[in-house]
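The primary structure of each chain is shown beneath.
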Amino acid sequence: MRISLDEAVAKLQNGEVVAIPTETVYGLAADATNESALRQIYAIKQRPADNPLIVHIGHINQVNEWAAEFPPLAQKLASAFWPGPFTLVLPAKDDVSSIVRAGEPTVALRIPSHPLALQLLKQSGLGLAAPSANKYTQLSPTTAVHVGTGLGECIPVLDGGACQVGIESTIVSVINNDWQLLRHGMIAEAEITAIAGKPALAGLENQPKAPGQHLLHYSPKTPIKLFDSAEALMRYQQISKQTCAVLLIDDGSTNKLLTTKPMKPQPVKPQIVQLPKNPAIVAEQLYGVLHHLDTLNVAQLLVQLPPDRPEWLAILDRLTRAAHHP
Ligand code: TXA
Ligand code: MG
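Note that the coordinates shown come from a computational prediction; the quantities given were computed from them, not determined experimentally.

S.K.: Tell me about the environment of Leu 90, residues and numbers included.
M.R.: Its location among the elements puts Leu 90 in strand 5 (residues 86-91). According to the relative accessible area criterion, Leu 90 is buried, its value standing at 0%. Taking C-alpha positions, Leu 90 is 8.8 Å from Pro 71, a pair spaced 19 residues apart along the chain.

Structure, rendered in structure tokens:
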């Protein structure tokens, strides 16, 4: 159900839950000080209570309403990356609801850059707790249509168009004068290191971990199988007896492969989506493509992994989790 900005403000102020656009993915938002509204978020998402929520704020001056400390290092990172796809985890003030932080001593804060989200934050005057607007472990929504498909048409949605970043924010925790990367995103570790003037605390760089980061995450309903190269994917596709759809992350050379090597006849000709080898474009399109391929009712989605390089880490993380078999 689409609603206007004014309706969204009124509903949020009234303790109701509203799906809102951000530049990363759509969020399922509620007043972060209203515990019955917060419980609705967990119930609608079927999210375990030990998985804390990000509080979205409209201005850097509001950090002190939520965080007990705002160390100089965190201030530097906030000034560099806000508004934007960047979340800071800081020690929480005692009065921050334990529901929003799932019992953690910290609180996660972000100023989104989507103009409608900023307007909503400003007009409502609220801090908005907002996890991605999807059921627990499922694919995140990057359009208002995805929200309705995933959570049901009765969820009120403020439609802000397609998300331009397309995958969830980078999460960094700052304690005293050190930082750790908790979730990869499109703000890369190297950019954070450059602003911080020092690397992340050793030990976690390759295994970022926020409490809610389960191995199965960001998943379409159709099982995903990952391949290191387009060649390996096409070989598999030619011998597979199952119906499949294909996502290639490629610079175009596979086009030749596809046209010069005729495929064995398939019961259903596979639908092939090809994205260019550009991390920002793949991030923007990834969930939309997976949502689309998921509607085709094939047995498997075959996905080519991008190269194992720093600029692709956030996308590798999402694809690996999406393909995880419990
Ligand atoms: O881009 C985004 O971050 C989107 C948009 C809507 O802002 N939100 C989002 O929320 O991805 P969610 O709930 O799907 O993921 C938030 C992640 C979870 O893995 C959670 O565990 C972690 O943030 N998190 C939240 N509070 C935390 C805290 N106090 N300490 C550590 N991790 C925290
Ligand atoms: Mg999520």
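Back to the text.
S.K.: An account of the site of ligand 1 is needed here, citing residue identities and associated values.
M.R.: Neighbouring ligand 1 are 26 residues, the closest being Thr 24, Arg 47, His 56, Ser 169 and Arg 183. Asn 51 places a polar side-chain atom, nitrogen or oxygen, 2.9 Å from an oxygen atom of ligand 1. Ser 169 has a polar side-chain atom sitting 2.6 Å from an oxygen atom of ligand 1. In the complex, the protein chains occlude 97% of the 680 Å² of accessible area that ligand 1 would expose alone. By residue number, the principal contributor to the shell around ligand 1 is strand 6 (residues 106-110), which donates four residues. When its residues are assigned to classes, the shell around ligand 1 shows 13 nonpolar, nine polar and four charged.

S.K.: Can you lay out the packing of aromatic side chains for me, pointing to particular residues and giving the numbers?
M.R.: Taken as a whole, this structure holds three aromatic pairs when the rule is applied. When the centroid spacing of 6.2 Å and the interplanar angle of 25 degrees are considered together, the rings of Tyr 218 and Tyr 287 count as stacked. Of the two residues, Tyr 218 is situated in the loop between helix 7 (189-196) and strand 11 (224-227) and Tyr 287 in helix 10 (residues 279-294); the sequence distance between them amounts to 69 residues. Relative accessible area serves as the criterion here: at 1%, Tyr 287 is assigned to the buried category.

Here is what the cut-offs are and how they apply
Residue positions within a chain follow its written sequence, with the count starting from 1. Key to labels: chains lettered from A, ligands numbered from 1, both in the order written. Selection of residues for local features in this predicted model requires a pLDDT of at least 70, selection of side-chain atom pairs for listing and counting requires 80 or more, and totals for whole chains, interfaces and linings are taken over all residues. Side-chain metrics in this entry use all non-hydrogen atoms of the structure; hydrogen atoms and water are not considered. Think of it this way: any DSSP run of H or I at least four residues long counts as a helix, any run of E at least two long counts as a strand, and we number them from the N terminus. Summary of the burial criterion: residues with accessible area below 20% of their type's maximum are buried, those above 50% are exposed, and those between are partly exposed, where the area comes from a 1.4 Å probe applied to protein chains only. Any residue with at least one heavy atom within 4 Å of a molecule or strand is counted as near it. Any pair of nitrogen or oxygen atoms within 3.5 Å is treated as a polar contact; in protein, a donor-acceptor pairing is required on top of that, and neighbouring residues in sequence qualify only through side-chain atoms on both sides. Accessible surface is estimated by sampling points in the Shrake-Rupley manner with a 1.4 Å probe; for residues, cover comes only from the protein chains shown. We call Asp, Glu, Lys and Arg charged. Ala, Val, Leu, Ile, Met, Phe, Trp, Tyr, Cys and Pro are nonpolar, and the rest, Gly among them, are polar. Put simply, two rings from Phe, Tyr or Trp (the six-membered ring, in Trp's case) pair if the centres are within 6.5 Å, and we call them stacked under 30 degrees between planes, edge-to-face over 60, tilted for the rest.

In short, the description is geometric, and any link to function would need to be established separately.
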